[in-house]
Amino acid sequence: MKKGITLAMLILYSVIAFASNEEHPIQISFPKAEFLNDYTARIPFKIIDQLIVVEAEFLNQKGNFIIDTGAERLVLNKVHFPKGYYLGKKRNNTSGVTRIIDQPYERNLSEFILHNFNLKNKKSDIIDLSHIEKSKKMHLLGIIGYNILKEYEVFIDLYLNQITLSRVDKYGERFDKKVYAETINDSIHFQLKKHTIVLTGIINKQEVRFALDTGAEFNQLNKSVHTRVLEKFRPIKRLSLVGAGNKKIRVLAGKLYDFRLNDSLGVGPMYTIVTNLRKMRDAYGTSVDGILGYEFLKYKRTIINYQKEKLYFINSPIFEP
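Here the structure is a predicted model, which is why all the values come from computation and not from measurement. (Residues numbered from 1 in each chain as written. Predicted model: local features only at pLDDT ≥ 70, side-chain atom pairs only at ≥ 80, totals over all residues. Heavy atoms only, no water.)

Trainee: Give a description of the overall build of the protein chain that names residues and reports values.
Mentor: Counting its regular elements, the protein chain contains 6 helices and 27 strands. Per-residue burial over the protein chain gives 56% buried out of 321 residues. Considering only intrachain contacts with a sequence separation of at least 6, the fraction spanning at least 24 residues in the protein chain is 69%. Accessible area of the protein chain: about 14,500 Å², with a carbon and sulfur share of 45%. (Helix = DSSP H or I, 4+ residues; strand = E, 2+ residues; numbered from the N terminus. Buried < 20%, exposed > 50% of the residue type's maximum accessible area, 1.4 Å probe, protein only. Contact = heavy atoms within 4.5 Å. Areas by Shrake-Rupley, 256 points an atom, 1.4 Å probe, with all protein chains shown as cover.)

Right under this line is the structure:
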């Protein structure tokens, strides 16, 4: 099997930063997007190996960006951008989707424009993403991560295959008050640990902490989790997966049952792999018992509000009782 586990486990290359000239702000556009007003955009996406991928135009190039809440920053694919943009070393290592990278480089983007949405002083990394391009068979320009997404309320809709971005103020209040035609039927608070969304849930009466990562192709469960949790995992088969540096690892794949966020919010069963998540602490900035990715999002049409540290849910007709 040629699929990787998450983007965090696929990317392990030198990080370089990208800078714009202050007189020429960097602009990204989504040719298929519907801009409802100055604050809200709906962008259709496609699913490639259970990753959320949007088409975009950036620096005179057309290609794809992966929407990844597990990435700390905007990440650009080194193979598609000229060396003249590579500037200054960082003082600290880079974590997040890139895990921990020695001697990374960084520089501010003086201005980043998402169509008519203007974001200032954003940082961006440049990484060699050619291994993801090859394995996913797509022209990959980069990854849109937390430092861009946090400016919006983000509605990830795997029923309609679209992402809605609506600008918010510093308190998380939307400027556009009439974004959703659907009814929000539930919500839950999360902890924002560095750039990572951490949800507290219950499995078999045992409290667990899961990271919500849209860059995770598979749900993952830490093999060192409490035995009561493992009792709700039903193994199906062992898989060989390709992780960082094209290193193959063996994992146990199956279904996870009885996962609940609260008394009214149960999810599953979800396809899940059991693996060692110890090294993922550096990527997420905190220790977790598991990772929720595509398998969770396909059940829950999910709205993320980073400022309020809150998730909202809209029922999917596919999974309604």
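The structure having been displayed, the exposition proceeds.
Trainee: Please set out the packing of aromatic side chains residue by residue, giving values where relevant.
Mentor: As enumerated under the stated definition, the model contains 6 aromatic pairs in all. Each ring, one from Y146 and one from Y306, has its centre 5.2 Å from the other, and the planes form 75 degrees; the classification is edge-to-face. Of this pair, Y146 sits in helix α3 (residues 146-149) while Y306 sits in the loop between β26 (301-305) and β27 (310-314), and the two are 160 residues apart along the sequence. Each member of the pair Y146 and Y306 is classed as buried. When the ring of F155 is compared with that of Y180, the centres are 5.5 Å apart and the planes differ by 90 degrees; the resulting orientation is edge-to-face. (Phe/Tyr/Trp six-rings, centres within 6.5 Å; stacked < 30°, edge-to-face > 60°.)

Trainee: I'd like a description of the side chain of N204, backed by residues and values.
Mentor: When you line up the elements, N204 lands in the loop between β17 (196-203) and β18 (206-212). Here the side chain of N204 touches R228 through a polar contact of 2.9 Å, landing on its backbone oxygen. A distance of 3.0 Å separates polar atoms of two side chains, one belonging to N204 and the other to E231. (Polar contact = N/O pair within 3.5 Å; in protein donor to acceptor, adjacent residues only side chain to side chain.)

Trainee: Could you give an account of unusual backbone geometry, with specific residues and numbers?
Mentor: Positive phi, close to 55 degrees, is recorded for K137, a residue that is not glycine. For K137, a relative accessible area of 74% gives the class exposed. The phi angle at K194 is positive, at roughly 60 degrees, despite the residue not being glycine. Looking at where K194 falls in the secondary structure, it is placed in the loop between β16 (191-193) and β17. Exposure remark for K194: the relative accessible area of 48% places this residue in the partly exposed category.

Trainee: Hey, could you go over the sheet that holds β27 for me, with residue numbers and the actual values?
Mentor: Judged by pairing direction, the sheet is antiparallel, and its 7 strands sit side by side in the order β3-β4-β14-β13-β26-β27-β15 without closing on themselves. One side of each edge strand has no neighbouring strand; the edge strands of this open sheet are β3 (34-35) and β15 (186-189). In this structure, strand β13 (residues 152-157) lies alongside strand β14 (residues 162-167), joined through 6 bridges in antiparallel fashion. The residue bridging V154 from the neighbouring strand is L165, located in β14. (Pairing = 2+ DSSP bridges.)

Trainee: I'd like a rundown of the nonpolar core, residues and numbers included.
Mentor: Counting 54 residues, the largest nonpolar core has F65, F259 and F296 as its most contacted members. It is strand β6 (residues 51-58) that contributes the most residues to this core, 4 residues altogether. Setting aside its immediate chain neighbours within four residues, F296 contacts L212, N219, F259, L261, V267, M270, T302 and F313. Ranked by size, the runner-up nonpolar core spans 12 residues in total, among them I48, L51, A71 and V75. (Core = buried A, V, L, I, M, F, W, Y, C linked by side-chain atoms within 4.5 Å.)

Trainee: Residues and numbers for the pairing of strand β8 (residues 74-77), please.
Mentor: Residues L74 and L76 point to one face of β8 and V75 and N77 to the other, with burial holding for every one of them. Where β8 meets strand β12 (residues 140-144), 2 bridges bridge the pair, whose relative direction is antiparallel. Of the residues in β12, the one forming a bridge with V75 is I143.

Trainee: Can you explain the pattern of salt bridges? Please cite residues and give values.
Mentor: A side chain with one charge can pair with a side chain of the opposite charge if their charged atoms come near. A full pass over the atoms with the stated rule returns 10 salt bridges. Here E55 and K32 are joined by a salt bridge, their closest N and O atoms 3.3 Å apart. Of this pair, E55 sits in strand β6 while K32 sits in the loop between β2 (26-29) and β3, placing them 23 residues apart in sequence. Overall, K32 belongs to the exposed group, its relative accessible area being 54%. (Salt bridge = Lys/Arg side-chain N within 4 Å of Asp/Glu carboxyl O.)

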